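Listed here are the chains, written in short residue letters.
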Amino acid sequence: MDRKEREKTGKKAVSVAISGNIILTILNFAVGTLSGSVALVAESSHTLSDVLTSIITAIGFRIGMIPPDSDHPFGHGRAEPLTGLVIVVFLVIIAFEILSEVYRKLTAGGVLTPPDMTAALMAIVGIGANLAMTTYMMCAGNKINSPAIVADAQHQKVDIFSCSAILIGVIGSRMGIPVLDPIVAIFISIMVLKTAFDIGNKNINSLMGTLPSKEILVDIKTAALSVEGVFGIHKVRINYVGPYASLDLHVEVMDNLTLKEAHKIAHNVEKKVIERVEDIAMVTVHVCPKGESFCVESLNKPIPKK
């Protein structure tokens, strides 16, 4: 995808998230306070965290779009998974705040009163709004392969379930189970922590260089072997740098080629892989003579300890 198009799509997704969550934060807090729903007030804290994390996402996305320079030859793409880890910290803090508010209300000694039905109406509005924002952000994040925006969309997705839980809690409280409202708030905090774990795990794997899927290896092999003169590939290494990846691989060619001919094949492999494999932005090709086992064996030796 073109860099300008990617930047435009990412900025639009983040803007939708920030503006939508500001509106929901104000409405959730106002309706929650007036209706007496601790779960809805807890949800306003959660949507406030959505605003903050979307701002962090915007910053991380902007840094990640900075092109390579002399100090960062692979670009600044790792800013995006790092942003995802910052979001995890915010989620943990929000979960703690929700649990603290529930504990305060349950130990205050007063009688728990059921929330007004306006809280249920607000929960329905929240379900619809969060579903729309989550769907839009997830599509945009996957389209431009942005770890930061996908992480923010997963964060947003929690609000769909939490608003559904709030709706159930309000109705249950009105039916004579007032304790159901703070219990729902506890459920929301658990979902927040689960989301934090999932986002953290995914972004740590990205920083550690874990392959997103085995299919990408098949795509790389297919692209490389489509080049005339390539008889095999090995020693494939993929290094993710945020939304894009660099690739190192070895290709096997006939041993009677001139240096110029081997260089041309390597260049064609590089071009073909970048064209056919969307995630790959940089390729380094090492040429090996066909049938020579030392090319593979010597590179598989363990690195000696110092």
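Bear in mind that the values here come from a model prediction, so they are computed numbers and not experimental data.

> Explain the overall build of the chain to me, please; I cannot follow it from the model alone.
When you go through the chain residue by residue, the secondary structure sums to nine helices and three strands. Going residue by residue from the N terminus, the α and β elements of the chain occur as α-α-α-α-α-α-α-β-β-α-β-α. Taking as baseline every contact in the chain between residues at least 6 positions apart, the subset at least 24 positions apart corresponds to 73%. Total accessible area on the chain stands at roughly 16,200 Å², and carbon and sulfur atoms take up 66% of it.

> Got a minute to help me understand helix α5 (residues 147–174) in this structure?
Turn by turn, an α-helix covers 3.6 residues, leaving residues three or four places apart pointing in a common direction. Over its 28 residues, α5 extends 41 Å from the first C-alpha to the last, a length consistent with the 40 Å expected when each residue adds 1.5 Å. With 21 of 28 residues buried, α5 lies mostly within the body of the structure. Directly beyond the C-terminal end of α5, a positive phi value near 110° is found at G176.

> Looking at this structure, I do not really get the packing of helix α4 (residues 118–143) against α5. What am I missing?
The angle between the axes and the distance between the axes are what describe a pair of packed helices. Across the interface, α4 lies against α5 with an axial gap of 8 Å and an inter-helix angle of 160°. Considered as vectors, α4 and α5 are oriented roughly antiparallel to each other. Note that α4 runs across α5; the crossing there is left-handed. Classifying every residue of the contact of α4 with α5 by side-chain character gives 17 nonpolar, eight polar and three charged.

> Help me understand the pattern of salt bridges, please; the structure alone is not making it clear to me.
Two side chains with opposite charge may pair up if their charged atoms get near one another. One pass over the full model with this rule turns up one salt bridge. Here D198 makes a salt bridge to K194, at a shortest N to O gap of 2.7 Å. With D198 and K194 both in helix α6 (residues 180–208) and four residues apart, the pair spans about one turn of that helix. Look at D198 and you get partly exposed, because its relative accessible area is 32%.

> Would you mind going over the side chain of S189 with me for this structure?
Along the polypeptide, S189 turns up in helix α6. Given the relative accessible area of 1%, S189 is considered buried. From its side chain, S189 meets the backbone oxygen of I186 in a polar contact 2.5 Å long. If we skip the residues at most four places from it in the chain, S189 touches A95, I98 and L99.

> How do you make sense of α4 when you look at a structure like this?
For α4, with 26 residues, the first-to-last C-alpha span of 38 Å sits near the 38 Å given by 1.5 Å per residue. Listed as buried for α4 are A119, A120, M122, A123, G126, N130, M133, T134, M137, A140 and G141. Phi turns positive, to about 55°, at N145, one or two residues after α4.

> Sorry if this is basic, but what is going on with the environment of L91 here?
Mapped onto the elements, L91 comes out in helix α3 (residues 79–106). Judged by relative accessible area, which is 0%, L91 ranks as buried. Once the C-alpha coordinates of L91 and F197 are considered, the two residues, 106 residues apart in sequence, prove to be 9.4 Å apart. In contact with L91, not counting residues within four places along its chain, are H46, H155, V192, T195, A196 and I199.

> How should I be thinking about the pairing of strand β2 (residues 244–253) in this particular structure?
Side chains on a regular strand alternate between the two faces of the sheet. Along β2, seven of the 10 residues are buried, which leaves the element largely enclosed by surrounding structure. Summarising the sheet, β2 and strand β3 (residues 280–289) pair through nine bridges and their orientation is parallel. In the sheet register, E252 faces β3, and the bridge partner there is C288. For the crossover from β2 across helix α8 (residues 259–276) to β3, the handedness is right-handed.

> I'm lost on the UniProt feature "transmembrane region" (unreviewed entry) in the chain in this one. Help?
Under the UniProt annotation, the feature "transmembrane region" (unreviewed entry) is placed at residues 21–42, 79–99 and 119–139. The span residues 79–99 carries 100% helix and 0% strand; its end-to-end C-alpha distance comes to 31 Å. In the segment residues 119–139, helix accounts for 100% and strand for 0%; the C-alpha atoms at its two ends are 30 Å apart.

> How do you make sense of the nonpolar core when you look at a structure like this?
Here is a general trend for soluble globular proteins: nonpolar side chains tend to be buried in one another's company. Residues I98, I166 and I188 are the most contacted members of the largest nonpolar core, which totals 30 residues. By size, the runner-up hydrophobic cluster in this structure holds 22 residues, among which are I220, A224, V230 and V283.

What counts, and at which threshold
Residues numbered from 1 in each chain as written. Predicted model: local features only at pLDDT ≥ 70, side-chain atom pairs only at ≥ 80, totals over all residues. Heavy atoms only, no water. Helix = DSSP H or I, 4+ residues; strand = E, 2+ residues; numbered from the N terminus. Contact = heavy atoms within 4.5 Å. Areas by Shrake-Rupley, 256 points an atom, 1.4 Å probe, with all protein chains shown as cover. Expected span 1.5 Å × (residues − 1). Buried < 20%, exposed > 50% of the residue type's maximum accessible area, 1.4 Å probe, protein only. Axes fitted to C-alpha atoms, helices over the stretch in contact; angles between N-to-C directions. Parallel < 35°, antiparallel > 145°, perpendicular 65-115°, else oblique. Left-handed = near helix turned anticlockwise from the far one by under 90°. Nonpolar A, V, L, I, M, F, W, Y, C, P; charged D, E, K, R; others polar. Salt bridge = Lys/Arg side-chain N within 4 Å of Asp/Glu carboxyl O. Polar contact = N/O pair within 3.5 Å; in protein donor to acceptor, adjacent residues only side chain to side chain. Pairing = 2+ DSSP bridges. Right-handed = clockwise from strand over helix to strand, strands pointing away. UniProt positions renumbered as here; feature names shortened; annotations may be inferred. Core = buried A, V, L, I, M, F, W, Y, C linked by side-chain atoms within 4.5 Å.

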